[in-house]
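Given next are the chains, with one letter for each unit.
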Amino acid sequence: MSIAFPAPDAGILSRRSEILAGLSRLVPGEALIVSEDERRAFETDGLTAYRRLPLAVVLPSTTEEVAAVLRFCHENGVKVVPRGAGTSLAGGAIPQEDAIVLGVAKMNRVLEVDFENRTARVQAGITNLAISQAVAHEGFFYAPDPSSQLACTIAGNIAMNSGGAHCLKYGVTTNNLMGVTLVLLDGTVVEIGGDHLDSPGYDFLGLITGSEGQLGVVTEAVVRILRSAEGARPALLGFDSVEAAGACVAAIIGAGIIPVALEYMDRPAIQICEAFAHAGYPLDVEAMLIIEVEGSDAEIEDMLRRIVAIAEPFRPRAMKVSQSEAESAAIWKGRKSAFGATGRISDYICMDGTIPTGQLPIVLQRIDEIVKHYGLGVANVFHAGDGNLHPLVLFDINKPGEMEKAEKAGEEILKLCVEVGGCLTGEHGVGIEKRDLMRVQFSETDLAQQMRVRAVFDPNWLLNPAKVFPLDGRLVA
Ligand SMILES: Cc1cc2nc3c(=O)[nH]c(=O)nc-3n(C[C@H](O)[C@H](O)[C@H](O)COP(=O)(O)OP(=O)(O)OC[C@H]3O[C@@H](n4cnc5c(N)ncnc54)[C@H](O)[C@@H]3O)c2cc1C
């Protein structure tokens, strides 16, 4: 599965100087990046195996500047790739040679916080973590917590409908987003939703969430903020078998207990993350669960007691409850650094699919068989509570053909997710990575209907054009 990029439009390339001159009239000088050296910083994203140098990069500071740039691109047939922090693992922010990158990273302020109504209005380029930091002094936080939260922006989170370890209880981005300011391709600025619970008419906010930068550019967002729990404590449970860990997850959820987080790591992932974070993970088990509960001390004690009782029949080999803030931080550091820690020891591609949680043992066994077939390794970390898998397929980029093998293995893993009743994406989106697999999930009729919706916003296919839909099947009005 080597990913193809469309051939650049020669007409646009030949008009580069004219296009740059036009853009330079719309934003201040420092907001337009044209030199090759500086454009290199934007040629890829979290899917670093692929890269393309964009025509130019524009970094506006206001909604008005975004509107002016989009209007110009619309009128001149210039493609636009919206960008937040460029951490997409699906290649969602990778440019193409005949497109400009429109980055919102300069628009990173908190505009208004309403603690009484539990909302915050922020600019789209603010990082996920900065939102929580801005409201922490009043005991509030923003719930969705991608492991990349230090860097990724709320714009990228909205475009990918991002999740995180603590989304089991609080939901993903779509469940915590109340409104957006969206600039359409022709420069029209629309407000969708707002600081109230529901909006009349179609659920356009639901449509924008997860639309991967293809329907418009988000410049502001109204998000729900939540009061932080009195306390929270993670526990570690280690098992001798993948089956036992999977069955324990099902039993906990089946008992009606919803921990804040319920994360799974297999033996290779435990070893890799422990070497990085020194979190006290058990090293002699096949699978480990991180289960976090929250509330008052009494509530935490009670819930942990119930979870331990549920786990007993599955004979956990190791059981440990965090005893301090420092220990909790180390436990989460290990899990949240899983991708970075893996990168220290191997090249890898991170897959992202979802499965019904009951299918966990069989799917893990099949993943093992698939990667072995290609002579590769795998480390599994995932959000077990909601069945969102992240197999990290390990390979050596210096060995000819290994990356292609890893991509083939990844493709088979995603097909397996669909086969068992799951989905091609969990939280990382489709981007370029899964674009050509969309037919595994959707019929031609389904795809055509989705493309018609997209075409209402962008009939000439200028917004993030090489993503999400197979290149050979697209509708252009
Ligand atoms: C180490 C690591 C850990 C990660 N962990 C998680 C995780 O736990 N959970 C998770 O869900 N993801 C995770 N990710 C993936 C990634 O961080 C998320 O997809 C994130 O939401 C991307 O945000 P970004 O600001 O980097 O967006 P970018 O990568 O810049 O862009 C992502 C998409 O958003 C679109 N976009 C950007 N800005 C706008 C805008 N203003 N308007 C419209 N569309 C826009 C882009 O065109 C692109 O399609 C991880 C990535 C890394 C590298």
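About the cut-offs
Residue numbers here run from 1 along each chain, matching the order of that chain's written sequence. Given that the model is predicted, a residue must reach a pLDDT of at least 70 before its local features are reported, and side-chain atom pairs must reach 80 or more before they are shown or counted; all residues, however, enter totals for whole chains, interfaces and linings. Processing note: side-chain calculations cover all non-hydrogen atoms of the structure and skip hydrogens and water entirely. Put simply, two rings from Phe, Tyr or Trp (the six-membered ring, in Trp's case) pair if the centres are within 6.5 Å, and we call them stacked under 30 degrees between planes, edge-to-face over 60, tilted for the rest. Starting at the N terminus, helices and strands are each numbered in turn, a helix being any DSSP run of H or I of at least four residues and a strand any DSSP run of E of at least two. To sort residues, take the accessible area from a 1.4 Å probe on protein chains only and compare it with the maximum for the residue type: under 20% means buried, over 50% means exposed, and anything in between is partly exposed. Here, a charge over a ring is recorded when the distance from Lys NZ or Arg CZ to the ring centre is within 6 Å and its angle to the ring normal is within 35 degrees. Take the number of residues in a helix, subtract one, and multiply by 1.5 Å to get its expected span. The arc in question is the one traced by the directions running from the helix axis out to the C-beta atoms. Contacts are residue-level and defined by heavy atoms, with any inter-residue pair within 4.5 Å sufficient. One bridge is not enough; two strands pair if DSSP finds at least two bridges between them. To obtain each axis, a line is fitted to C-alpha atoms, and for helices this fit is confined to the stretch in contact; angles are then taken between N-to-C directions over 0 to 180 degrees. Throughout, the term near means that a residue has one or more heavy atoms lying within 4 Å of the molecule or strand in question. Any N or O atom pair separated by 3.5 Å or less is treated as a polar contact, with the protein-specific requirement of one donor-capable and one acceptor-capable atom, and with residues adjacent in sequence counted only for side-chain atom pairs. The protein chains shown are the only cover counted for residues, whose accessible areas, like all others here, come from Shrake-Rupley with a 1.4 Å probe. Side-chain classes follow a simple rule in which Ala, Val, Leu, Ile, Met, Phe, Trp, Tyr, Cys and Pro form the nonpolar group, Asp, Glu, Lys and Arg form the charged group, and the remainder, Gly included, forms the polar group. Should an angle lie under 35 degrees it is considered roughly parallel, over 145 roughly antiparallel, and from 65 to 115 roughly perpendicular; all remaining angles are considered oblique. In a left-handed crossing the near helix is turned counterclockwise from the far helix by less than a right angle, and in a right-handed crossing that turn is clockwise.

Details of the packing of aromatic side chains
- All told, the structure shown has 7 aromatic pairs when counted by the stated rule.
- Ring geometry for Y264 versus F382: centroids 4.5 Å apart, planes at 15°, classification stacked. Note that Y264 is positioned in strand β13 (residues 261-266) and F382 in strand β18 (residues 377-383), a separation of 118 residues in sequence. Residue Y264 shares its accessibility class with F382, and that shared class is buried.
- Residues W461 and F469 carry aromatic rings whose centres are separated by 6.1 Å and whose planes lie at 65° to one another, so their mutual orientation is edge-to-face.
- By relative accessible area, which is 3% here, W461 ends up buried.
- Look at F469 and you get buried, because its relative accessible area is 4%.
- The ring centre of F5 lies 4.0 Å from the NZ or CZ of R52, which sits over that ring.
- For the cation-ring pair, K333 lies above F276, with the distance from its terminal atom to the ring centre recorded as 5.4 Å.

Considerations on helix α18 (residues 444-457)
- The end-to-end C-alpha distance of α18, which contains 14 residues, comes to 20 Å, matching closely the 20 Å that a straight helix rising 1.5 Å per residue would cover.
- Listing the buried residues of α18 in full gives L447, A448, M451, R454, A455 and F457. Considered in projection along α18, the buried side chains sweep an arc of 160° and stay on one side of the axis. In α18, the exposed positions angled more than 90 degrees off the buried face are occupied by T445 and V456.
- Contacts from the buried residues of α18 go to α9 (204-208) and α17 (438-441).

Thoughts on the sheet that holds strand β8 (residues 177-183)
- On the basis of which strands lie adjacent, the open sheet formed by 5 strands has the order β5-β6-β10-β8-β9 and antiparallel pairing. Both edges of this open sheet fall to β5 (110-114) and β9 (189-193), since each of them pairs with a single strand only. Along the sheet, successive strands turn relative to each other by an average axial angle of 10°, direction set aside.
- By the bridge criterion, 4 bridges tie β5 to strand β6 (residues 119-123) in an arrangement that is antiparallel. Across the sheet, the residue bridging to D114 is T119, located in β6.

Considerations on the environment of L462
- With respect to the element layout, L462 can be found in the segment after α18.
- Measuring from C-alpha to C-alpha, the distance between L462 and A159 comes to 16 Å, with 303 residues separating the pair along the chain.

Overview of the sheet that holds strand β4 (residues 99-103)
- Pairing is mixed across the open sheet formed by 4 strands, whose spatial order is β1-β2-β4-β3. The open sheet has two free edges, formed respectively by β1 (32-33) and β3 (79-83), since each of these has just one partner strand.
- Relative to β4, strand β2 (residues 56-58) runs parallel, the two sharing 3 bridges. Following the sheet pairing, A56 is matched in β4 by I100.
- Here helix α4 (residues 63-76) sits on the sheet and contacts β2, β3 and β4; the angle it forms with β4, its principal contact strand, is near 165°.

Regarding unusual backbone geometry
- Positive phi values are uncommon outside glycine, yet R118 reaches one of about 55°.
- Relative to the helices and strands, R118 is located in the loop between β5 and β6.
- Look at H278: it is not a glycine, yet its phi comes out positive at around 50°.
- Looking at the secondary structure, you find H278 in the loop between α11 (267-277) and β14 (287-295).
- In this structure H278 comes out as exposed when scored by relative accessible area, which is 60%.

Structural notes on the site of the ligand
- Close contacts around the ligand come from 32 residues, with P82, G84, T87, S148 and T153 the closest.
- Here an oxygen atom of the ligand sits 2.7 Å away from a polar atom, N or O, in the main chain of G84.
- Backbone polar atom of A85 to an oxygen atom of the ligand: 2.9 Å apart, as the coordinates give it.
- In isolation the ligand exposes 980 Å². Once the protein is present, 93% of that is buried.
- Of all the elements in the fold, those that place two or more residues in the shell around the ligand are β3, α6 (154-160) and β10 (217-224).
- Looking at the shell around the ligand element by element, the count peaks at 5 residues for α6.
- Considered class by class, the residues forming the shell around the ligand number 13 nonpolar, 16 polar and 3 charged.

Regarding the packing of α11 against helix α13 (residues 325-336)
- Their axes nearest at 8 Å, the elements α11 and α13 cross at an angle of 125°. Accordingly, the angle class assigned to the pair α11 and α13 is oblique. The crossing of α11 and α13 is right-handed. The residues of α13 that touch α11, namely those facing C273, F276 and A277, are A330, K333 and G334.
- Its residues assigned to classes, the contact of α11 with α13 comprises 4 nonpolar, 1 polar and 1 charged.

Note that every value here comes from positions in space, so none of it alone points to a role or purpose.
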